[in-house]
Amino acid sequence: MPTPPPVPLILDMDFGIDDSMATLFLAASGRAEIVAVGTVHGNTSAAQAARNARQLLGVLGLEGVPVARGEAKPWNQEVHYAATVHGEDGFGGMASTDEPPGVIVDETAAEQIVRLARERPGELVLLATGPLTNIGRAFEVEPGLDALLRAIVVMGGAVSVPGNMSPHAEANIRHDPEAADRVFASARNLLLVPLDITMTCRITPAEMRRIDAAPSSPAVDLVRAMLPHYLDFNLADLGIPGFPLHDPTAAVIALDPLVADYLEAPVRVELDGTLTRGMTSVDLRPAPEASERPAARIAVRARRSVVEEFVQVAFERPTRTRG
């Protein structure tokens, strides 16, 4: 059986620790063509995220991948960085003080998305693992963006589980609710990877022992060195050792959507609630109200072990890159 061609991806990330794990997985998989990267505020600033992206791409041998700096703040609220989760530098203290390789391209992340989608209509998958500020801007520039992309895969939201930034809101959506709602209102080919599935895909102490024992490479060593900070935060936050695979789960699904089961429903973001701002509202009633908003495919459970696939590919196989 012939090997399928690699999936061409635009990455839109806030380049914290789990974004880096997702990128390591994609580069090691041999099944991804990382076409371009855009950065956004969230885990750290958009500018620091761009430095982090270039540092990681450099150790992966992908310094030729263009990096576009994206939106520095949300549409309608003050910017907030997840420094407690990812460290002040977004890399758990592992960001280099030296100038990273590669260059920042002379266009915004939103402009880069639109240009590439127009140049390669129907080919590219857009994987967004940070706030959706850049994606919302891209829809402002090109309202028909969804028709130009093969798919938009978004890590974000919480359907029937608690949020992780507030009782009702997941962090990526809460960091920019207005932009997220614009994307959910516009995209007809959106695949949402919410906390409902990512919280069930957990690295436990058994997997950490395997990660610690994995062969050394520049990229593995960099990402592995970030994990103590992430482990400390998750132990304090959740009370159990290990951590959920938020962004890596979205990366696995971006390469193979058949890894998950889905429900289909329109998604709205609560914009005004004092206690619920940033909540993803999905009508799960047997007879939901008619909506002009397109239905998203929402991943609800994994069909096979995302954790096993992630550990094997990202850490236990020799890291392969594809420029």
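Let me begin by describing the structure that accompanies this report. All of these numbers come straight from a predicted model, not from anything done at the bench. (Residues numbered from 1 in each chain as written. Predicted model: local features only at pLDDT ≥ 70, side-chain atom pairs only at ≥ 80, totals over all residues. Heavy atoms only, no water.)

**Examining the pattern of salt bridges**
And then number 1: As enumerated under the stated definition, the model contains 20 salt bridges in all.
And then number 2: Note that Glu-71 is salt-bridged to Arg-137, the shortest N-O span being 3.6 Å. In this pair, Glu-71 sits in the loop between strand 3 (67-69) and helix 3 (83-86) while Arg-137 sits in helix 5 (residues 133-141), placing the two residues 66 residues apart along the sequence.
And then number 3: Glu-71 gets classed as partly exposed once you look at its relative accessible area, which sits at 22%.
And then number 4: What emerges from the salt-bridge pattern is a single network uniting Arg-31, Asp-256, Arg-304 and Glu-309. (Salt bridge = Lys/Arg side-chain N within 4 Å of Asp/Glu carboxyl O. Helix = DSSP H or I, 4+ residues; strand = E, 2+ residues; numbered from the N terminus. Buried < 20%, exposed > 50% of the residue type's maximum accessible area, 1.4 Å probe, protein only.)

**Quick notes on the side chain of Asp-196**
And then number 1: Take Asp-196: it is sitting in helix 9 (residues 195-198).
And then number 2: This buried residue, Asp-196, is left without a salt bridge; Arg-301 holds the nearest opposite charge, at 9.2 Å.
And then number 3: Among the polar contacts made by the side chain of Asp-196, one reaches the main-chain amide nitrogen of Val-159 at a distance of 2.8 Å.
And then number 4: There is a polar contact of 2.8 Å between the side chain of Asp-196 and the backbone nitrogen of Ser-160. (Lys, Arg positive; Asp, Glu negative; His and termini not counted. Polar contact = N/O pair within 3.5 Å; in protein donor to acceptor, adjacent residues only side chain to side chain.)

**Brief notes about the pairing of strand 4 (residues 125-128)**
A regular strand places its side chains so that they alternate between the two faces of the sheet.
And then number 1: The alternating pattern of strand 4 places Val-125 and Leu-127 and Leu-126 and Ala-128 on opposite faces, both of which are buried.
And then number 2: As paired strands, strand 4 and strand 5 (residues 151-155) are joined by four bridges and run parallel to one another. Paired with Leu-126 across the two strands is Ile-152, which belongs to strand 5. (Pairing = 2+ DSSP bridges.)

**Considerations on the packing of aromatic side chains**
And then number 1: For the structure on display, the rule yields three aromatic pairs.
And then number 2: Centroid distance Phe-25 to Phe-310: 6.5 Å. Interplanar angle 35°. Geometry classified as tilted. Here Phe-25 is found in helix 1 (residues 17-29), whereas its partner Phe-310 is found in helix 13 (residues 306-316), with 285 residues between them in sequence. The pair Phe-25 / Phe-310 is uniform in exposure class, with both members buried.
And then number 3: Judged by centre distance (5.8 Å) and plane angle (80°), the ring pair of Phe-310 and Phe-315 falls under edge-to-face. For the residue pair Phe-310 and Phe-315, the accessibility class agrees, reading buried in each case.
And then number 4: Taken together, the ring pairs connect Phe-25, Phe-310 and Phe-315 into an aromatic cluster.
And then number 5: If you follow Arg-297 out to its NZ or CZ, it ends over the ring of Tyr-262, 4.1 Å from the centre. (Phe/Tyr/Trp six-rings, centres within 6.5 Å; stacked < 30°, edge-to-face > 60°. Lys NZ or Arg CZ within 6 Å of the ring centre and 35° of its normal.)

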